[in-house]
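A look at the structure
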Protein chains: 4
Amino acid sequence: MGTAGETSGLALSQDILSGFAAMDDAQKLDFFRDVARGMNIDPETVRSTLDAYERDPSKATYRAFASAAEPRRQELIRRLNALPGATGALVRMRADLLRLSRGDPELEAFDLDFRHLFASWFNRGFLVLRPISWESPAHILEKIIAYEAVHAIDSWDDLRRRLEPADRRCFAFFHPAMPDEPLIFVEVALTRGIPGSVQDLLVEDRKAIASHEADTAVFYSISNCQAGLASVSFGNSLIKQVAADLSANLPSLRTFVTLSPIPGLRSWLAAEGLEQPEPDQMSALAAHYLLNAKATDGAPYDPVARFHLGNGAIVHAVHSDADVSDKGRKQSGGVMVNYLYDLKKIAQNHEKFATAKTVAASAAVKTLAAGADLSKSQER
Amino acid sequence: MGTAGETSGLALSQDILSGFAAMDDAQKLDFFRDVARGMNIDPETVRSTLDAYERDPSKATYRAFASAAEPRRQELIRRLNALPGATGALVRMRADLLRLSRGDPELEAFDLDFRHLFASWFNRGFLVLRPISWESPAHILEKIIAYEAVHAIDSWDDLRRRLEPADRRCFAFFHPAMPDEPLIFVEVALTRGIPGSVQDLLVEDRKAIASHEADTAVFYSISNCQAGLASVSFGNSLIKQVAADLSANLPSLRTFVTLSPIPGLRSWLAAEGLEQPEPDQMSALAAHYLLNAKATDGAPYDPVARFHLGNGAIVHAVHSDADVSDKGRKQSGGVMVNYLYDLKKIAQNHEKFATAKTVAASAAVKTLAAGADLSKSQER
Amino acid sequence: MGTAGETSGLALSQDILSGFAAMDDAQKLDFFRDVARGMNIDPETVRSTLDAYERDPSKATYRAFASAAEPRRQELIRRLNALPGATGALVRMRADLLRLSRGDPELEAFDLDFRHLFASWFNRGFLVLRPISWESPAHILEKIIAYEAVHAIDSWDDLRRRLEPADRRCFAFFHPAMPDEPLIFVEVALTRGIPGSVQDLLVEDRKAIASHEADTAVFYSISNCQAGLASVSFGNSLIKQVAADLSANLPSLRTFVTLSPIPGLRSWLAAEGLEQPEPDQMSALAAHYLLNAKATDGAPYDPVARFHLGNGAIVHAVHSDADVSDKGRKQSGGVMVNYLYDLKKIAQNHEKFATAKTVAASAAVKTLAAGADLSKSQER
Amino acid sequence: MGTAGETSGLALSQDILSGFAAMDDAQKLDFFRDVARGMNIDPETVRSTLDAYERDPSKATYRAFASAAEPRRQELIRRLNALPGATGALVRMRADLLRLSRGDPELEAFDLDFRHLFASWFNRGFLVLRPISWESPAHILEKIIAYEAVHAIDSWDDLRRRLEPADRRCFAFFHPAMPDEPLIFVEVALTRGIPGSVQDLLVEDRKAIASHEADTAVFYSISNCQAGLASVSFGNSLIKQVAADLSANLPSLRTFVTLSPIPGLRSWLAAEGLEQPEPDQMSALAAHYLLNAKATDGAPYDPVARFHLGNGAIVHAVHSDADVSDKGRKQSGGVMVNYLYDLKKIAQNHEKFATAKTVAASAAVKTLAAGADLSKSQER
């Protein structure tokens, strides 16, 4: 990858990317191992350049150290990226790497290089927020159908019901180098009051309201689209940006909430010996779980709770029979939760959560949680 | 810059960027010094994490090393970039740093961090080639006027003469995050035969030819626009991309050449004791200079020659009285040179140049160079 | 509609259009009758202004005559059209008029005013040809599904099969004032050789060829979209424009043909006493029908034949079992026909057809027609 | 122009338009005369078809009458328009006709046909309002410079001063078939309070205010761009549309006024024997003139007053020394006038003006007018 290669570099990059695309998994694994090992840092060089830099901190010694301290496989990824359309191919390459690297320390380290570069390339400042509507191109929309991970879209008619009515919105982040690939998208319902069930939102023969009649924006589905961008987070930015944009365009909106699943509830209940709680106990137990169930690091056990509380939202309300689909019943006994984004308080909530792991919640949810019957659990 | 700052990070970034924009040079210098020093690597941590990684190469130890080996000021730049419009502000910030850092090793090292990130962000794969025409927005065109660095554009009428005729083209690279800022642009004349003077190309009352009548595309001006992107090279890509695009769209084109200045000629002649060569010797001396004058690293002394030869072009022809402007007379006694881009041979030429510093030239130029009278010079 | 109304005209126009949209058919009929009668020409005024113009042909007398000779209902339509979005509403209004006016001479005369204005407004020079692809907006694509009149599109998957493969194209005319409404569209298959059945073209698990491998462009479906633009013809322009554009972009294309239904065949056979021809006679009878069956005006009996022959195409080939759908069997016993558009000969073919009603056909089709067994028919 | 010509029509149209473009004035005049005479109505046919229609009003008889009553030269213009780009050529053709037809009744009648078609084609519903800004394409902006008819734009820097500042706006109507040709444009200044001089608006070293700080939008220049669209009026629509759009986007705007020239003042004063009024009388005389000077039809003598009063504006204020340019001094002794557009009252003002020729004015202007010293005038 020296100077000599600069001009013929594009041709070589093309060969590598095409070659990789044609490989089977075993070959890909070999390729990843070769690169991970062959283009790793050389500790001795790192040490000697570091010594030289420490003795005489100059442009030249720093350059030598920086060059030695970054594995050459990072430069390889940058070189591959010089090709038109390569960014998407590299995202798919990392998806393969993640899939194939589990448990292999060398490959997991290599993945950190991908992640490091992707965090830089997919920086919020480079992303473009675009509305997704019934006027969007079909090849984008079919990806929305495919990538929806929360409440499956089962047909083009279902999709239209989520995009076309005056009280529905959808927004996605795109990267300019992958203009046809949504990175993450959020579906929004404009409502009067905070809804307590996703069935009400998605019912087929619904009468839409005019957007200026709505006082509430409900983020009822957020889906990441690219496996290859795992751990490169945009959800935080997306919700805040969309809330800010909606707020500016629809001054009648007062409340920004989610209607969120509680994916960890059932498994936590099972772990607590509460496999079969009384139906009328479900929402109290859910409230208790959201406020008190912790992972080993002290953060909320529930991944969705962790995400929204980390963004500065609070646990606002808990609803039973809110998602009666098979999936909803299975993961949380049909209970759902509203996280409230109060644009004026999210910075402060976030700080408290980040520093003290404080879970902010409404009085109602706290009261509900206090009434949870944990007797069976406590017996254990 | 820990987790706690993630949410309030955008506000902080905004403060830093606005604050910086309002600083005077002394304050900027202080800011740069604070960041360069305060957010530098800690050699002890680099060593200890490297040791740990070497003992037990795992995802966790690699992450710790990678984190220690990259100065935190790089992460600062990435965080600032999360703001809308920040990329342009960071490019301007680096222009300030370059201007203020000369000779200061600490700041020059800091600049390498900027350069490293910019090389990644302004990767060819992220750039967009756009034609610049008389139908381009005026606020872009006024930047073309301002940034033209080779043959100054002295009015909007002059600009129109370079853009509007059927036998003129202009192309620029843009970055999606700086849509109003050309990064580099090239002006092209479509001609019959290879022109020997820039006056002929830029004369006011010229009769344009139809584009399909042209057999030659002349790159007669290439200008970098952003001081803050110094050493982040796109010229190579630009010429090749434009040549390829023109070739695809205008099959009658057979020849791709530059009409280039020879900026180092006069100073080299002076150094050789040839301040006042005979007029009829100028082109022979220029040919000799282009083929034989070397910098200490063995590469051509002339920076423009270095650029085009490095791209795989050859020295094709040398013309006297080719640029009779004050600037042209001053830097090269009015002599100009055509570098020829033979799309089929540039890879091979480039390799020879890169590996053996071989300067490829036409037979005519070699003959011309052989006839240069260096007697006065050699006396010294 | 005098000067007084000019400013408040827009509000009035808005009232009329909204009012009309809310009417039931009986009310619409009343509205049409009121306008047709109340805003008709006044023969006495026409005569007197004509006399005055003939006596003294001047700007003033011509203006008076022109004003009298045009019924004020034309000006009403123009005034209504001043509203944003009104053009589409007027097209729908005419669709209602056509539906409700049958047999009513007053309303049919009124419709001629609509048609006269629409022919002027939807002039070829105002139309925009746009490709329809899988990247087109979904709200346009759902109209393509709805409007396809020849070979029904039964799902979004079916639509994708007609748009996404490299060897499929679709183009539509749009009017700038109705940007979301295709006026007419044509579906094209790029093939090697001329296909003899629509099943082959539309089969689900087909392997697409690269577009540059195709030598033939097959116009296999042309659908008008707007009932309110009946008798305002664009099909002619569409086919020729698309053929010219494809020819320019895909130089490998040599042949431009249709694969067309023969909608009048069965009814003509029945009229001739040939309800149950032998299967192996169908293509010969179809050829005979296309070449010899005439309407009372001497033009071909078959409406699709009339259209393509009028455009300057020739009857190129006839295929049995070419459309085995219910509809195909019902209207033509499954027989289809290729009309060939030879871009170099269409003007000349058109002239012959227009002046002498000459039906141009390939030798093969003429031979086939000559072998048709009309004995049963001739008995009658 | 029968059926026979339909296909070859485009080629013929192309010949006519190219041929016309190459003609000198004498040839154009011959062409216009040939068409005007040779494709005029035939009075006998009009009469006979009218008789037939009156006897038996049917679709067929109406069609025959309508066809006879419209001169075939209208159909010629429509046929020419079928070519891409022809609309602009036809507008230029009419500009020639207007220039060459003065006083020739036959040609003036022919021009009415052009005007009739253009009024239909350039209907408000077909026009597109586009902002003109410093980000607009240069080839559009150079037309704005060329077409400015009120306060000349003398350089690109002058143009930028009118487009780039935050308190300046410009809007133009375009027709989709002439996307590069503005039809009419208006320049707007956003101000605090109503300005009393155009010098203040156009001064070079002005400090712009933020757009949300403005309470007043001043239409200080309205220019028609196309001589060939004379008498096809869009100014009315333009001002109202722009006022409505600005009002929606900048809620702080309370007042919409013009700052208008008084082009007829000097000539009226001269006709009244008031060639040299006292300077301190100028504004009173201007007020009197605007309120009381009438053309023979009873409408205001001043053409600009006629335009704005006809739109429903009122005479709001009169300012001396408001346009001290040569042109301003010459036409109105430097006096200018604000016409006020009160969006709530324009319909009502318009009706009164249209029906009773009532000139609406502010109390201040009425008082000012009452103080005009007409003694010298009245002596005559």
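Residues numbered from 1 in each chain as written. Chains lettered and ligands numbered in written order. Predicted model: local features only at pLDDT ≥ 70, side-chain atom pairs only at ≥ 80, totals over all residues. Heavy atoms only, no water.

**Focus on the relation of the copies chain A and chain C**
Under the convention used in this document: Least-squares superposition aligns the copies on the C-alpha atoms of those residues with pLDDT at or above 70 in both. Contacts are assigned to residue pairs with any non-hydrogen atoms lying within 4.5 Å of each other.
Each copy of the sequence occupies a distinct position, and chain A is placed on chain C by a rotation of 180° and an axial shift of 0.1 Å, giving an RMSD of 0.1 Å. Accordingly, the operation relating the two chain copies is best matched by a two-fold axis. Within chain A, proline 137 of chain A has its C-alpha nearest the rotation axis, a separation of 2.1 Å. Most of the interface of chain A is mirrored in chain C, where 100% of its interface residues again form contacts.

**Focus on the domain arrangement of chain A**
Formally: Domain boundaries shown here were taken from an automatic or database domain assignment.
According to the domain assignment, chain A consists of domain 1 (3–121), domain 2 (125–258) and domain 3 (265–379). Taking the mean C-alpha position of each, domain 1 of chain A and domain 3 of chain A sit 41 Å from one another.

**Points about the UniProt feature "domain: Malonyl-CoA decarboxylase C-terminal" (unreviewed entry) in chain A**
Just so we agree on the cut-off: UniProt positions are given in the numbering used here, feature names are shortened, and annotations may be inferred rather than shown by experiment. Think of it this way: any DSSP run of H or I at least four residues long counts as a helix, any run of E at least two long counts as a strand, and we number them from the N terminus.
Residues given the UniProt feature "domain: Malonyl-CoA decarboxylase C-terminal" (unreviewed entry) here are residues 125–272 and 281–342 of chain A. With 42% helix and 18% strand, the stretch residues 281–342 of chain A has end C-alpha atoms that lie 29 Å from each other.

**A short note on the interface of chain A and chain C**
The condition that has to hold: Joining two parts hides part of their accessible area as seen by a 1.4 Å probe, and the buried area is that hidden amount summed over both. The salt bridge criterion pairs a side-chain nitrogen of Lys or Arg with a carboxyl oxygen of Asp or Glu, the two atoms within 4 Å.
Each partner contributes residues to the interface: chain A has 11 residues there, and chain C has 11 residues. Of the roughly 940 Å² buried at the junction of chain A and chain C (both faces included), carbon and sulfur atoms supply 55%. When residues of chain A are sorted by the area they lose upon contact with chain C, Trp134, Glu135 and Trp156 of chain A head the list and together hold 46% of the total. Summed over the shared surface of chain A and chain C, the number is two salt bridges.

**Things to note about the relation of the copies chain A and chain B**
With an axial shift of 0.0 Å and an RMSD of 0.0 Å, the rotation relating chain A to chain B amounts to 180°. In this assembly the copies share their binding face: 100% of the residues contributing to the interface of chain A also contribute to that of chain B.

**Notes on the nonpolar core**
Most often, soluble globular proteins have nonpolar side chains that are buried together. As a reminder of what qualifies: Side-chain atoms within 4.5 Å link the members of a nonpolar core, which is a set of buried Ala, Val, Leu, Ile, Met, Phe, Trp, Tyr and Cys residues. Accessible area is worked out with a 1.4 Å probe on protein chains only. A residue is then buried under 20% of its type maximum, exposed over 50%, and partly exposed in between.
One finds Phe122, Leu290 and Val315 of chain A together with Phe122, Leu290 and Val315 of chain B to be the most contacted residues of the largest nonpolar core, which totals 168 residues. Residue contacts for valine 315 of chain B: discarding those within four places in its chain leaves Leu290, Leu291, Leu309, Val337, Asn338, Tyr339, Val359, Ala360, Ala361, Ser362 and Val365 of chain B. Counting 165 residues, the second-largest nonpolar core is a separate cluster that includes Leu29, Ala217, Val242 and Phe353 of chain D.

**Regarding the interface of chain A and chain B**
To be explicit about the condition: N or O atoms closer than or at 3.5 Å make up a polar contact, with two conditions inside protein: a donor-capable atom paired with an acceptor-capable one, and, for residues adjacent in sequence, both atoms drawn from side chains. Residues are grouped as follows: Ala, Val, Leu, Ile, Met, Phe, Trp, Tyr, Cys and Pro are nonpolar; Asp, Glu, Lys and Arg are charged; every other residue, Gly included, is polar.
In this complex, chain A contributes 56 residues to the contact, which on the side of chain B involves 56 residues. When chain A packs against chain B, close to 4,400 Å² is buried across both sides, 59% of that on carbon and sulfur atoms. If you look at where chain A meets chain B, you find four salt bridges. The partner of aspartate 51 of chain B in a salt bridge is arginine 47 of chain A, and the shortest N-O contact between them spans 2.8 Å. Our enumeration of links across chain A and chain B arrives at 18 residue pairs in polar contact (both at pLDDT 80 or more). Secondary structure elements with two or more residues in the side of chain A that touches chain B: helix H3 (43–55), helix H4 (59–69), helix H5 (72–80), helix H7 (105–121), helix H11 (235–249) and helix H16 (346–356) of chain A. Looking at the side of chain A that touches chain B, the element that brings in the most residues is H7 of chain A, giving 10 residues. Taken together, the residues of the side of chain A that touches chain B sort by class into 23 nonpolar, 17 polar and 16 charged.

**Examining the pattern of salt bridges**
The final tally for this structure, using the stated rule, is 92 salt bridges over all chains. When the shortest N-O distance is used, the salt bridge between glutamate 187 of chain B and arginine 162 of chain B registers 3.1 Å. One end of the pair, glutamate 187 of chain B, is in strand E3 (residues 184–191); the other, arginine 162 of chain B, is in helix H9 (residues 156–163), and 25 residues separate them in sequence. Residue arginine 162 of chain B is classed as buried on the basis of its relative accessible area of 3%. The network of salt bridges with common partners includes Glu148, Asp158, Arg161, Arg162, Glu187 and Glu204 of chain A.

**Here's the deal with the packing of helix H3 (residues 43–55) of chain D against helix H4 (residues 59–69) of chain D**
All names here are of chain D. Defined as follows: A fitted line through C-alpha atoms represents every axis, and for helices the fit uses only the stretch in contact; the resulting angles, taken between N-to-C directions, go from 0 to 180 degrees. Reported orientations rely on four angle classes, namely roughly parallel under 35 degrees, roughly antiparallel over 145, roughly perpendicular from 65 to 115, and oblique for the rest. Whether a crossing is left-handed or right-handed is set by the direction in which the near helix is turned from the far one by less than a right angle, anticlockwise for left-handed and clockwise for right-handed.
Running from N to C, H3 and H4 point in directions that differ by 160°, and their axes come no closer than 8 Å. Accordingly, the angle class assigned to the pair H3 and H4 is roughly antiparallel. The handedness of the crossing between H3 and H4 comes out as left-handed. Across the interface between the two elements, Thr45, Val46, Thr49, Leu50, Ala52 and Tyr53 from H3 touch Thr61, Tyr62, Ala64, Phe65, Ala68 and Ala69 from H4. Each residue belonging to the contact of H3 with H4 can be placed in one class, and the counts come to nine nonpolar, three polar and no charged.

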